[in-house]
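In case you want the letters, here they are:
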Amino acid sequence: QPGLAIQKLRMIRISNIPNEPGIAGKIFGALSKINVESSVQAPAEKKAEISILCLPGLVNNILSVLKEVKSESLPDIEITEPVSVAELTLVDPLMREYPGYLGRVCRAIGEAGVNIESISSPGITIAVVIQEEDLVKVARALAEEFQLIA
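The sections below set out a description of the structure shown in this document.

Each value, and the rule that gives it
- Residues numbered from 1 in each chain as written.
- Predicted model: local features only at pLDDT ≥ 70, side-chain atom pairs only at ≥ 80, totals over all residues.
- Heavy atoms only, no water.
- Axes fitted to C-alpha atoms, helices over the stretch in contact; angles between N-to-C directions.
- Helix = DSSP H or I, 4+ residues; strand = E, 2+ residues; numbered from the N terminus.
- Parallel < 35°, antiparallel > 145°, perpendicular 65-115°, else oblique.
- Left-handed = near helix turned anticlockwise from the far one by under 90°.
- Contact = heavy atoms within 4.5 Å.
- Nonpolar A, V, L, I, M, F, W, Y, C, P; charged D, E, K, R; others polar.
- Buried < 20%, exposed > 50% of the residue type's maximum accessible area, 1.4 Å probe, protein only.
- Phe/Tyr/Trp six-rings, centres within 6.5 Å; stacked < 30°, edge-to-face > 60°.
- Lys NZ or Arg CZ within 6 Å of the ring centre and 35° of its normal.
- Pairing = 2+ DSSP bridges.

### Details of the packing of helix H1 (residues 23-30) against helix H2 (residues 59-72)
Working step 1: One way to put it is that H1 packs onto H2 with a least axis distance of 9 Å and a crossing angle of 140°. With respect to H2, the element H1 is oriented oblique. Seen along the crossing, H1 lies across H2 with a hand that is right-handed. The residues of H2 that touch H1, namely those facing Lys-26, Ile-27 and Ala-30, are Val-65, Leu-66 and Val-69.
Working step 2: A breakdown of the residues in the contact of H1 with H2 according to their chemical character gives five nonpolar, no polar and one charged.

### Topic: the packing of helix H3 (residues 101-111) against helix H4 (residues 135-145)
Working step 1: With their axes 9 Å apart at the nearest point, H3 and H4 run at an angle of 135° to one another. Taken together, H3 and H4 sit at an angle that is classed as oblique. With respect to the hand of their crossing, H3 and H4 are arranged in right-handed fashion. Each of Arg-104, Val-105, Arg-107, Ala-108 and Ile-109 in H3 lies in contact with H4, whose residues at this interface are Val-138, Ala-141, Leu-142 and Glu-145.

### Remarks on the environment of Gln-1
Working step 1: Structurally, Gln-1 is set in the segment before strand E1 (3-18).
Working step 2: Given a relative accessible area of 69%, Gln-1 falls into the exposed group.
Working step 3: As a C-alpha pair, Gln-1 and Asp-92 span 91 residues in sequence and 6.6 Å in three-dimensional space.
Working step 4: Every residue in contact with Gln-1, bar those within four places of it in the chain, is listed here: Phe-146, Gln-147 and Leu-148.

### Section: the packing of aromatic side chains
Working step 1: Under the defined criterion, the tally for this structure stands at one aromatic pair.
Working step 2: Ring geometry for Tyr-101 against Phe-146: centres 5.7 Å apart, planes inclined by 10°, an arrangement best described as stacked. Of this pair, Tyr-101 sits in helix H3 while Phe-146 sits in the segment after H4, placing them 45 residues apart in sequence. Taken individually, Tyr-101 and Phe-146 each receive the classification buried, so the pair is uniform in this respect.
Working step 3: The ring centre of Tyr-101 lies 5.8 Å from the NZ or CZ of Arg-104, which sits over that ring.

### Considering the pairing of E1
Working step 1: Inspection of the sheet shows E1 paired to strand E5 (residues 83-91) by nine bridges, in the antiparallel sense. Of the residues in E5, the one forming a bridge with Leu-9 is Val-85.
Working step 2: Bridge analysis of E1 against strand E3 (residues 47-54) gives seven bridges, and the strand direction is antiparallel. Counterpart to Arg-10 in the pairing with E3 is Cys-54.

Structural data, given as structure tokens:
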């Protein structure tokens, strides 16, 4: 039986990052003592973007570290104001054996009229990040699609 975990987070985007060796190391090296999750987005032309997901209580610490990195070594990066998001993680041990889970997740969320901010699918999980205001809609859509007890 699949399960669904939900967590309310904040997302901070860092954009206009030079797509060069060692740049991500500067950013994550500075953040190494702060508990963050991130998803690296595909570079657009010669610039990359990193989205950092964190608990609301860590936002000020992360912004402080990122502003320090910007002032000391990466003056052209752009740091967005935090956005309230929700991460929904579908877990099912059968995911590896039966194809189509990712398509079903994306279709259910799309039919609910919600845009996916970020998605990852390692192993037996699929994690999607959406705007927090869409949390109930998406949770219901996934619960219906996968016959989860709501």
